[in-house]
Amino acid sequence: MLYDATDPDATRAAEAFGRARSDSGGLQWSVQTEEGRWERAPSSAEGAPPAAAATEVPEADEPATDDAAVSQSGDDGPPRREPASVERTLSIIKPDATQANVTGSIVARLEESGLRVVAQRRLRLTRAAAEGFYAEHQERPFFQSLCDFMTSGPVVVQVLEGEDAIMRNRQVMGATDPGDADPGTLRKDFGSSIEQNAIHGSDSPASAAREIVYFFSALDIVG
């Protein structure tokens, strides 16, 4: 048993209890340590404690141990951060970039950011394919010009995979207008206008799901 010898009430109670029971055999004695605490020690053959004053401390008076306090305090730490989710997103390296022969540089930058290419095709979009892909913009004034540009040369379509892949890819790409993009982003380094800005990337999970199946089947994607 343990009790705090610095507590006057506990000390007086322990001493009184020890005097009353000092002639009993088989008692478990407590000895005072240098830190002022009392620790249980085996009784001697004569029924006396092996050191200084000794008492048996009732079990109900035993305080919480330091280990318990440490364990409890450990529960007050900051919550663990949940791991980021692994996503897939569509990327299209546009005709201006493929014609400038910077496809390899763009792919390298994407991979350096932690994204993995799990599917890839180089192709030339037909007019119907371009219009179908950008169908949500068909009422916008730039729709025809955009389709003209996207069919003007080969493109490289990719499925990228990684933690928070949609957001990560868009961070690497930079702002739509290369003039507004941060230094070091793909559009800043390889784009020349809002239309000819080197690369396309899905902007949401819903867009990514729709755009990936537009170009790839499940068998095409190898993680």
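Please read all numbers here as calculations on a predicted model, not as lab measurements. Counting starts from 1 at the beginning of each chain's written sequence and moves along it residue by residue. Selection of residues for local features in this predicted model requires a pLDDT of at least 70, selection of side-chain atom pairs for listing and counting requires 80 or more, and totals for whole chains, interfaces and linings are taken over all residues. Each side-chain value is worked out from all heavy atoms of the structure, with water and hydrogens disregarded.

In this section: the environment of F133. In DSSP terms, a helix is any run of H or I states spanning at least four residues, a strand is any run of E spanning at least two, and both are numbered starting from the N terminus. Within the element layout of this structure, F133 appears in helix α5 (residues 127–133). Separated by 14 residues in sequence, F133 and C147 have C-alpha atoms that sit 9.3 Å apart. Any two residues whose heavy atoms approach within 4.5 Å are treated as being in contact. Residues in contact with F133, not counting those within four places in the same chain, are L90, I92, H200, R210, E211, Y214 and F215.

All right, on to the side chain of S207 then. Turning to its location among the elements, S207 is positioned in helix α9 (residues 205–215). For the exposure calls, accessible area comes from a 1.4 Å probe over protein chains only, and a residue counts as buried if that area is under 20% of its type's maximum, exposed if over 50%, partly exposed in between. Accessibility expressed as a relative area gives 12% for S207, which makes it buried. Of the polar contacts made by the side chain of S207, one reaches the side chain of D203; its length is 2.9 Å. Under this definition, polar contacts are N or O atom pairs within 3.5 Å; protein pairs additionally need one hydrogen-donor-capable and one acceptor-capable atom, and for neighbouring residues in sequence, both atoms have to be side-chain atoms.

Before going further, it helps to spend a moment on the side chain of Q158. Looking at the secondary structure, you find Q158 in strand β6 (residues 155–163). Polar contacts involving the side chain of Q158 include one to the side chain of Q120, which spans 2.6 Å. Setting aside its immediate chain neighbours within four residues, Q158 contacts T89, L90, S91, I93, V107, L110, V117, A119, Q120 and F216.

A few words now on the packing of aromatic side chains. Stacked, tilted and edge-to-face are the three classes applied to pairs of Phe, Tyr and Trp rings, where Trp contributes its six-membered ring and a pair requires centres within 6.5 Å; stacked means planes under 30 degrees apart, edge-to-face means over 60, and tilted covers the rest. The full count for this structure, using the stated rule, is four aromatic pairs. A ring pair is formed by F133 and Y134, whose centres lie 4.9 Å apart and whose planes are at 90°; its orientation type is edge-to-face. On the basis of relative accessible area, F133 is assigned to the buried category, the value being 3%. Judged by its relative accessible area of 5%, Y134 falls in the buried class. Each residue in the set F133, Y134, Y214 and F215 is aromatic and connected to the rest through ring pairs, giving one cluster.

Shape is all these values report; function is a separate question.
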